[in-house]
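Residue-level listing of the chains:
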Amino acid sequence: MLLRAAPHGALSGAVALPGDKSISHRSLMLAAMAVGESRIEGLLEGEDVLATARALRAMGVEVERGAPGCWRVWGVGVGGLAEPSDVLDLGNAGTGARLLMGLLAGHAFTSFMTGDASLRSRPMRRVIEPLARMGASFVSRSGGRLPLAVTGRTDLLPIVHESKVASAQVKSAVLLAGLHAPGSTTVIEPLPSRDHSERMLTAMGATIVSEPTETGGRRVTITGQPELRPQSFVVPGDPSSAGFPAVAAALAAGSEVRLERVGLNPLRTGLYATLVEMGARIGIENEAVAGGEPVGDLVVRGGPLRGVEVPAERAPTMIDEYPILAVAAAFAEGATIMRGLSELRVKESDRLAVMADGLAACGVAVEVEGDDLVVHGAARVRGGALIDARLDHRIAMSFLVLGGRAEAPVTVKGAEAIETSFPGFAELMNGLGAEITEVKESLA
Ligand SMILES: O=C(O)C1=C[C@@H](OP(=O)(O)O)[C@@H](O)[C@H](O)C1
Ligand SMILES: C=C(OP(=O)(O)O)C(=O)O
């Protein structure tokens, strides 16, 4: 599908964002590991999360959709999944695949897992290696990629895993496997990554101790074999999805947009801290706690931005937001230097390369120096390019935001990728005043 974004003026209005993708995957999987009925409110009904729901159903978990966003899950208890009779297809979802591998490691059957071309290119060894040390066995394509087969066992060994990358997916996969192991399973991460798994598991009755390390990371320990209590999960709006209308509003003078009930977990808000450093006017109102997570309305007003240097240590708190930050940087005065982005190379696409190439095609001066991205901003950006989303929702949405402020429309090919995390993106943006329309392939 081709979507085209034409230049728009000031944006205004108030909108609620779709549910948080990370918390939605976890709500389904953790509810499946509880004993009894859990309810989920505000579940993201994007393709990634629907793939997780399908996988759980294929393993005997009753998962039912009621009103939009309202789901019920009848949990089978830790270790209670049934052998699936077919390959589990996690679509485009790294989170779905890696977290599920953690659960499957604790089940004494063999399952087969695959995904789309993007997911099949992503590294799984970072999860395979610790889970294999715990006692699961894996057969995978070379490089530790999907498709793979995993044979778990009920008597997993508790381990201490020191992860080289600050990855909530790696941490969560090991903690989920640790549910099935007697005693303490520990993950040490070099920098703190999002802690939704820890918050949710604690609320469900698991014992988790999280403490800082001397080098600025975290050591997280779970006590295995708990009985998890079913929950009423409330999923906040996704701060990663909110980044797209937030940057679109920040870039358009005269804009005033309210993004309601967005999750404001401090391990997710690096984009907003960075935008404020760049001079963006962003206020937080109606702060509250929902489902164990801080939430609030983001009120974003348009105005000039200036380039900043974003330190590598901030990356885990905004890892999915670099594509849209790079778009903000393209319109800022001066250079924005984003350091330490090696993890961007192993997302749905090589986001470092794809952003650099796409920005250059839109007339933006950009350099990749090792793992750093440098974007030289300008008041006027040419736009006018055709960008291939490459099965990457965040690339698609970022360039549609850029097209809204460029001199000539930007067209995105493969825009259906947006469905993975942000169904209704174009409608939501247009409701605020953007000009995103579908174009026929032949006119591209
Ligand atoms: O745990 C999660 O829900 C996620 C963790 C991040 O991945 P990594 O753990 O690979 O950094 C992020 O990019 C992804 O969108 C969601
Ligand atoms: C990297 C992302 O997701 P996942 O790893 O779940 O595919 C993302 O949503 O930007």
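What you are looking at is a predicted structure, and each value in this text was computed from that prediction instead of being measured.

Student: Sorry, what's going on with the sheet that holds strand S24 (residues 435-439) here?
Tutor: In a beta sheet, neighbouring strands are held together by backbone hydrogen bonds and run either parallel or antiparallel to one another. The strand order S22-S23-S1-S24 describes an open sheet built from 4 strands, whose pairing is mixed. Each of the sheet's edge strands pairs with one partner strand only, and the pair in question is strand S22 (386-388) and S24. Averaged over all pairs of adjacent strands, the angle between strand axes in this sheet comes to 25°, irrespective of strand direction. In this sheet, strand S23 (residues 410-413) lies alongside S22 in parallel orientation, the contact comprising 3 bridges. From the neighbouring strand, Asp-388 faces S23, where its bridge partner is Lys-413.

Student: What is the right way to read the site of ligand 2 from this model?
Tutor: If you check the shell around ligand 2, you find Lys-21, Asp-48, Ala-93, Gly-94, Thr-95, Asp-320, Lys-347, Glu-348, Arg-394 and Ser-421 and nothing else. When residues of the shell around ligand 2 are assigned to domains, at least three fall in each of domain 1 (2-19 + 236-443) and domain 2 (21-234).

Student: Just checking my understanding: could you explain the site of ligand 1 for this structure?
Tutor: Taken together, Ser-22, Gly-94, Thr-95, Ser-167, Ala-168, Gln-169, Ser-172, Arg-194, Ile-319, Asp-320 and Glu-343 make up the full set of residues adjacent to ligand 1. Only helix H3 (94-104) and helix H6 (168-178) provide two or more residues apiece to the shell around ligand 1. Take the shell around ligand 1: its biggest share by element is 3 residues, from H6. Residues of the shell around ligand 1, tallied by class, amount to 2 nonpolar, 6 polar and 3 charged.

Student: Sorry, what's going on with the UniProt feature "binding site: phosphoenolpyruvate" (unreviewed entry) in the chain here?
Tutor: Residues annotated by UniProt as "binding site: phosphoenolpyruvate" (unreviewed entry) correspond here to Lys-21, Gly-94, Arg-122, Gln-169, Arg-351 and Arg-394. Along the polypeptide, Gly-94 turns up in helix H3. Ignoring sequence-local partners within four residues, the contact set of Gly-94 consists of Leu-119, Arg-122 and Gln-169. By the element assignment, Arg-351 lies in helix H11 (residues 351-361). Residue classification places Arg-351 among the buried residues on the basis of 25 C-beta atoms within 10 Å. When sequence neighbours within four positions are dropped, the list of residues in contact with Arg-351 reads Tyr-322, Pro-323, Leu-344, Asp-392 and Ile-395.

Student: It is not clear to me how the packing of helix H10 (residues 322-330) against helix H12 (residues 393-405) should be interpreted in this structure. Could you clarify?
Tutor: H12 packs onto H10 with a crossing angle of 20° between their chain directions and a minimal axis gap of 8 Å. In terms of orientation, H10 and H12 fall into the roughly parallel class. With respect to the hand of their crossing, H10 and H12 are arranged in right-handed fashion. Of H12, the residues touching H10 (which contributes Pro-323, Ile-324, Val-327 and Ala-330) are Arg-394, Ile-395, Ser-398, Val-401 and Leu-402. Classifying every residue of the contact of H10 with H12 gives 7 nonpolar, 1 polar and 1 charged.

Student: Explain the domain arrangement of the chain here, please?
Tutor: The accessible area lost on association of the parts is a frequent measure of interface size. Segmentation of the chain into domains returns domain 1 (2-19 + 236-443) and domain 2 (21-234). Computed from C-alpha coordinates alone, the two centres of domain 1 and domain 2 are separated by 28 Å. If you look at the interface, domain 1 gives 24 residues, while domain 2 gives 29 residues. The residue makeup of the side of domain 1 that touches domain 2, split by class, is 9 nonpolar, 7 polar and 8 charged.

So, how was this worked out
- Residues numbered from 1 in each chain as written.
- Chains lettered and ligands numbered in written order.
- Predicted model: local features only at pLDDT ≥ 70, side-chain atom pairs only at ≥ 80, totals over all residues.
- Pairing = 2+ DSSP bridges.
- Helix = DSSP H or I, 4+ residues; strand = E, 2+ residues; numbered from the N terminus.
- Axes fitted to C-alpha atoms, helices over the stretch in contact; angles between N-to-C directions.
- Near = placed C-beta within 6 Å.
- Domains from an automatic or database assignment.
- Nonpolar A, V, L, I, M, F, W, Y, C, P; charged D, E, K, R; others polar.
- UniProt positions renumbered as here; feature names shortened; annotations may be inferred.
- Contact = placed C-beta atoms within 7 Å.
- Buried ≥ 20, exposed ≤ 12 C-beta atoms within 10 Å, placed from the backbone.
- Parallel < 35°, antiparallel > 145°, perpendicular 65-115°, else oblique.
- Left-handed = near helix turned anticlockwise from the far one by under 90°.

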